[in-house]
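# Fold and contact review
Each chain, written out:
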Amino acid sequence: MQFEYFGEKQKGQFEYYRIPKLLFSEKDFYGLSAEAKLLYGMMVDRMGLSGRNGWKDEKGRIYVYYPIGEVKRMFHCGNDKAVKMLKELDVKEGTGLIETIRQGQGKPSRIYVKKIVV
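Residues numbered from 1 in each chain as written. Predicted model: local features only at pLDDT ≥ 70, side-chain atom pairs only at ≥ 80, totals over all residues. Heavy atoms only, no water.

## Focus on the overall build of the protein
Looking only at helices and strands, one finds four helices and two strands in the protein. Secondary structure elements in the protein, listed N-terminal to C-terminal, are α-α-α-α-β-β. Principal-axis analysis of the C-alpha atoms gives the protein an extent of 50 × 35 × 35 Å. Scored against the burial criterion, the 118 residues of the protein give a buried share of 31%. Sequence separation of 24 or more characterises 44% of the internal contacts of the protein that already satisfy a separation of 6 or more. Accessible surface computed for the protein: about 8,800 Å², of which carbon and sulfur atoms make up 52%. The distance from the centre of the 22 positive side-chain charges to the centre of the 15 negative ones in the protein is 3 Å. (Helix = DSSP H or I, 4+ residues; strand = E, 2+ residues; numbered from the N terminus. Buried < 20%, exposed > 50% of the residue type's maximum accessible area, 1.4 Å probe, protein only. Contact = heavy atoms within 4.5 Å. Areas by Shrake-Rupley, 256 points an atom, 1.4 Å probe, with all protein chains shown as cover. Lys, Arg positive; Asp, Glu negative; His and termini not counted. Charge placed at Lys NZ, Arg CZ, Asp CG, Glu CD.)

## A word on the layout of surface pockets
Rolled over the atoms, a probe as big as a water molecule pinpoints where empty space is left. Counted as a void, the largest pocket has a volume near 410 Å³. If you tally residues by element for the lining of the largest pocket, the top one is helix α4 (residues 79–89), at three residues. Partitioned by chemical class, the residues of the lining of the largest pocket number seven nonpolar, two polar and five charged. The calculated volume of the second largest pocket comes to roughly 170 Å³. For the second largest pocket, the full set of lining residues is Arg18, Ile19, Pro20, Tyr40, Val44, Met47, Val113, Lys114, Lys115 and Ile116. At three residues, the largest contribution of residues to the lining of the second largest pocket is made by helix α2 (residues 34–53). (1 Å grid on protein atoms, 1.4 Å probe; cavity = no way out; pocket = protein on both sides within 12 Å on 5 of 7 lines; lining within 4 Å. Points joined across faces, edges and corners; volume = space filled by probe spheres on them. Nonpolar A, V, L, I, M, F, W, Y, C, P; charged D, E, K, R; others polar.)

## Some remarks on the packing of helix α3 (residues 68–75) against α4
Across the interface, α3 lies against α4 with an axial gap of 9 Å and an inter-helix angle of 105°. In this view, α3 runs roughly perpendicular relative to α4, as classed from their interaxial angle. Together, Ile68, Val71, Lys72 and Phe75 of α3 and Asn79, Ala82, Val83, Met85 and Leu86 of α4 make up the contact between the two elements. Taken together, the residues of the contact of α3 with α4 sort by class into seven nonpolar, one polar and one charged. (Axes fitted to C-alpha atoms, helices over the stretch in contact; angles between N-to-C directions. Parallel < 35°, antiparallel > 145°, perpendicular 65-115°, else oblique.)

## Remarks on unusual backbone geometry
Its identity is not glycine, yet His76 carries a phi of approximately 50°, on the positive side. Among the secondary structure elements, His76 is positioned in the loop between α3 and α4. Classification of His76 by relative accessible area gives exposed; the value is 74%. Of note, Gln105 is a non-glycine position whose phi angle comes to about 50°, a positive value. Tracing the backbone through its elements, the reader meets Gln105 in the loop between β1 (98–101) and β2 (110–113). Owing to a relative accessible area of 78%, Gln105 belongs among the exposed residues under this scheme.

## Here's the deal with the pattern of salt bridges
Opposite charge on two side chains allows them to pair when their charged atoms are near. In the structure shown here, the tally under the stated rule is seven salt bridges. In this structure, Glu70 and Arg46 form a salt bridge, with 2.4 Å as the shortest nitrogen-oxygen distance. Here Glu70, found in helix α3, pairs with Arg46, found in helix α2; they are 24 residues apart in sequence, far enough to count as distant. In this structure, Arg73 and Glu70 form a salt bridge, with 4.0 Å as the shortest nitrogen-oxygen distance. Taken as a pair, Arg73 and Glu70 lie in helix α3 at a separation of three residues, close to a single helical turn. Note on Arg73: relative accessible area 52%, which makes it exposed. What emerges from the salt-bridge pattern is a single network uniting Arg46, Glu70 and Arg73. (Salt bridge = Lys/Arg side-chain N within 4 Å of Asp/Glu carboxyl O.)

What follows is the structure, encoded as structure tokens:
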């Protein structure tokens, strides 16, 4: 595979995930793996789509669907690794950057992505 140099016309041709710098500079996030930080950025990105689709609960909070299979596919990893990343972010076992609410009956869990407030 060969790679070309960027020129003036190509500089904006890609889409990007935005990851808050605080995830790398604040002590509260030092133990968070790089993969979990990237996953958080991907979930924040997904919030825009959820908002456009009207995925809000009765309190007006936007949620995302990010099934474990999609995490495995995006990170090219197994189930254990995907579960570990989600746990690192979750309010019950990790940093609290996401809150997962199970819906039951074969429905995907709702994931509430939380803002970092300093």
